[in-house]
Amino acid sequence: MAEAFDIGARAKARCDQLGVAPYSEVDGQLTRRFLTAAHEAALTATSGWMLEAGMSVRRDAAANLIGRYDGQLPDAKALIIGSHIDSVRNGGRYDGPLGIMLGIDVVEALNRAGRRLPFAIEVVAFGDEEGSRFPASMSCSRAIAGTLDASALDMKDADGVSVAQALKAFGGDPDAIASAARKPEQVLAFLEAHIEQGPVLEAEGLALGVVTAIAAQKRLMVRIEGTAGHAGTTPMNLRKDPGPAAAEAILALERICRAGTDGLVGTVGRMTALPGAFNVIPGAIEFSMDIRAETSATRDEAVMTIGAEIHAIAAERGLSATVTLMQALAESPCDPSLMNLLDEALADLSLPARRLPSGAGHDAMVMADLCPVAMLFIRCEGGVSHNPAEAVTEADCALAAQAMLLFIDKLERRERA
Ligand code: HGY
Ligand code: MN
Ligand code: MN
């Protein structure tokens, strides 16, 4: 007889378990990038938990881990519950994995109750949502949604390893990536439970929230070219130094985004001086830009304005600049009828149905190309995320699991109507 388990609290405990080596690439912190040994170790552990919960388990060509709890009929449409198993560098333990582990807890509760639904439930661990190894992100959910551009497989990591090479070494099959795509008629809906990664729920004393839409985002790489030179012998007025130009450009990004509306935000998360020596005036500076807003129109206007300023700053200094788009994701609304079911589930728990947008990107925004999606937000301490201080409570995780079970009950009633 399987021992009883605290639904939700166990999901949190499993995220904690995966927060250290061998499920992290770096001792003392959580870094779990796509197609690494840490990713493999996390999938192996999660597979075991899926099997214990009563699911069959498989991996697709894109290295997605997929657990399936069959419905009353073997080929029933599936409600997919999932999130990502990869992390940012030195990230938190719950951003991603919590949505997977909650899905496993929910399925195990149904299985132990002997419940079979008019639909199957699939729990999916997407391997690459953060894009912390390769320049683009969301490649695994895009493979499932059938929207992954073949060129994404050519993208290379900092060591020059392509996605295709890493995928093959991991046991995936880049040549058969199209086989990972699901047909719309196979999928009923997608539900992602995820920490809010923002301060709203905590500020209002709420455990859970219902996501209305996910912000549009663009990832770009900027390269400002100057002339490498000797740091000691080159007079200041004779330099072609891209460093100060990059500083001006980043200040311009900040000014433009601060003045923006519609939730406009801009971030430079990565910056490199090349060749990167104390005593060499850089020949080039490269930096990333992550620009988001609630609408693509606001996002794109900001990208245009910032790009123009970067080129003007470079020209003024006799330098050249390139701004390269790495990825664009449009804003993604959640499905109104599924939001209503989540609202009702929260009401059953005597919780207010607080609706709020997501500034963070999620696999749900990609899955929306395949099926109706819904997201359940879970309060996180201080709204902190992408940071080892990320924290959730067992009580909030238990409420999230109960809300997901109630959502499934309501979905079942709707499907049987
Ligand atoms: O960048 C994001 O919003 C997500 O954490 N990948
Ligand atoms: Mn996430
Ligand atoms: Mn994240």
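As the structure is a computational prediction, the values presented were derived from the model and not from experiment.

Let us now look at the layout of surface pockets. Roughly 1,400 Å³ of volume is contained in the largest pocket. Along the walls of the largest pocket sit 46 residues, with Glu130, Arg219, Gly269, Asp290 and Arg292 positioned nearest its centre. Elements with a minimum of two residues in the lining of the largest pocket: strand 7 (216–225), strand 9 (265–267), strand 10 (271–274), strand 12 (284–293) and strand 15 (355–358). Among the elements that make up the lining of the largest pocket, the one with the highest residue count is strand 12 (six residues). The residue makeup of the lining of the largest pocket, split by class, is 15 nonpolar, 16 polar and 15 charged. Composition of the lining of the largest pocket by domain shows at least three residues from each of domain 1 (4–215 + 331–416) and domain 2 (216–329).

Looking now at the coordination of the manganese ion (ligand 2). The protein atoms that coordinate the manganese ion (ligand 2) are His84 (NE2), Asp95 (OD) and His194 (NE2), at distances spanning 2.0 to 2.2 Å. Here the donor residues for the manganese ion (ligand 2) map to a single chain with the spacing H-x10-D-x98-H. A separation of 3.4 Å is found between the manganese ion (ligand 2) and the manganese ion (ligand 3), which are bridged by Asp95. Separated by eleven residues along the polypeptide, His84 in strand 3 (residues 78–84) and Asp95 in the loop between strand 3 and helix 3 (97–112) bring together distant segments of the chain.

As a further point, take helix 9 (residues 336–348). For helix 9, spanning 13 residues, the distance from its first C-alpha to its last is 18 Å, which sits close to the expected 18 Å at 1.5 Å a residue. For helix 9, every residue scored as buried is listed here: Leu338, Met339, Leu341, Leu342, Asp343, Ala345 and Leu346. Where helix 9 is buried, its residues meet strand 5 (187–195), strand 6 (208–214), strand 15, strand 16 (373–378) and helix 11 (394–416). Ser350 lies just past helix 9 and shows a positive phi near 55 degrees.

The next subject is the packing of aromatic side chains. Under the defined criterion, the tally for this structure stands at two aromatic pairs. Here the guanidinium or amino end of Arg10 rests over the ring plane of Phe5, the centre of that ring lying 3.9 Å away. A cation over a ring is seen here: Arg116 above Tyr69, with NZ or CZ 4.0 Å from the ring centre.

Each angle at a metal carrying four tetrahedral donors should ideally be 109.5 degrees, and each at a metal carrying six octahedral donors should ideally be 90 or 180 degrees. The manganese ion (ligand 3) binds to the protein through Asp95 (OD), Glu130 (OE) and His386 (NE2); the donor distances cover 2.0 to 2.2 Å. Motif for the manganese ion (ligand 3), donor spacing along one chain: D-x34-E-x255-H. Here Asp95 falls in the buried class, since its relative accessible area comes to 4%.

What follows is about the side chain of Arg292. When you line up the elements, Arg292 lands in strand 12. Of the polar contacts made by the side chain of Arg292, one reaches the side chain of Asp290; its length is 2.7 Å. Of note is the side chain of Arg292, whose polar atom sits 3.1 Å from the backbone oxygen of Gly359. Ignoring any residue separated from it by four or fewer positions in sequence, one finds Arg292 in contact with Ala216, Gln217, Gly263, Leu264, Val265, Gly359, Ala360 and Gly361.

Leu98 and Ile408 are the most contacted members of the largest nonpolar core, which totals 104 residues. At nine residues, the largest contribution of residues to this core is made by helix 11. Sequence-distant contacts of Leu98, defined by excluding residues within four places in its chain, comprise Ala11, Lys12, Cys15, Ile195, Ile378, Val392 and Cys397. Listed in part, the 24 residues of the second largest apolar core include Ala246, Cys257, Ile285 and Ala302.

Let's shift gears to the side chain of Ser141. Among the structural elements, Ser141 can be located in helix 4 (residues 139–145). Classification of Ser141 by relative accessible area gives buried; the value is 0%. Within the structure, Ser141 has its side chain in polar contact with the backbone oxygen of Met138 (distance 3.4 Å). Once residues lying within four places of it in the same chain are set aside, the contact partners of Ser141 are Phe126, Asp363, Val366 and Met367.

Once that is clear, we can look at the site of ligand 1. The local shell around ligand 1 consists of Glu129, Glu130, Arg292, Ala360, Gly361 and His386. Between Arg292 and ligand 1, the recorded distance is 2.6 Å, taken from a side-chain N or O atom to an oxygen atom. At a separation of 2.9 Å, an oxygen atom of ligand 1 approaches a polar side-chain atom of His386. Contact with the protein chains removes 94% of the 210 Å² of surface that ligand 1 exposes when unbound. In terms of residue class, the shell around ligand 1 is made up of one nonpolar, two polar and three charged.

Cut-offs applied
- Residues numbered from 1 in each chain as written.
- Chains lettered and ligands numbered in written order.
- Predicted model: local features only at pLDDT ≥ 70, side-chain atom pairs only at ≥ 80, totals over all residues.
- Heavy atoms only, no water.
- 1 Å grid on protein atoms, 1.4 Å probe; cavity = no way out; pocket = protein on both sides within 12 Å on 5 of 7 lines; lining within 4 Å.
- Points joined across faces, edges and corners; volume = space filled by probe spheres on them.
- Helix = DSSP H or I, 4+ residues; strand = E, 2+ residues; numbered from the N terminus.
- Nonpolar A, V, L, I, M, F, W, Y, C, P; charged D, E, K, R; others polar.
- Domains from an automatic or database assignment.
- Donors = N, O, S within 2.8 Å, 3.2 Å for Na, K, Ca; no water.
- Expected span 1.5 Å × (residues − 1).
- Buried < 20%, exposed > 50% of the residue type's maximum accessible area, 1.4 Å probe, protein only.
- Contact = heavy atoms within 4.5 Å.
- Phe/Tyr/Trp six-rings, centres within 6.5 Å; stacked < 30°, edge-to-face > 60°.
- Lys NZ or Arg CZ within 6 Å of the ring centre and 35° of its normal.
- Polar contact = N/O pair within 3.5 Å; in protein donor to acceptor, adjacent residues only side chain to side chain.
- Core = buried A, V, L, I, M, F, W, Y, C linked by side-chain atoms within 4.5 Å.
- Near = heavy atom within 4 Å.
- Areas by Shrake-Rupley, 256 points an atom, 1.4 Å probe, with all protein chains shown as cover.

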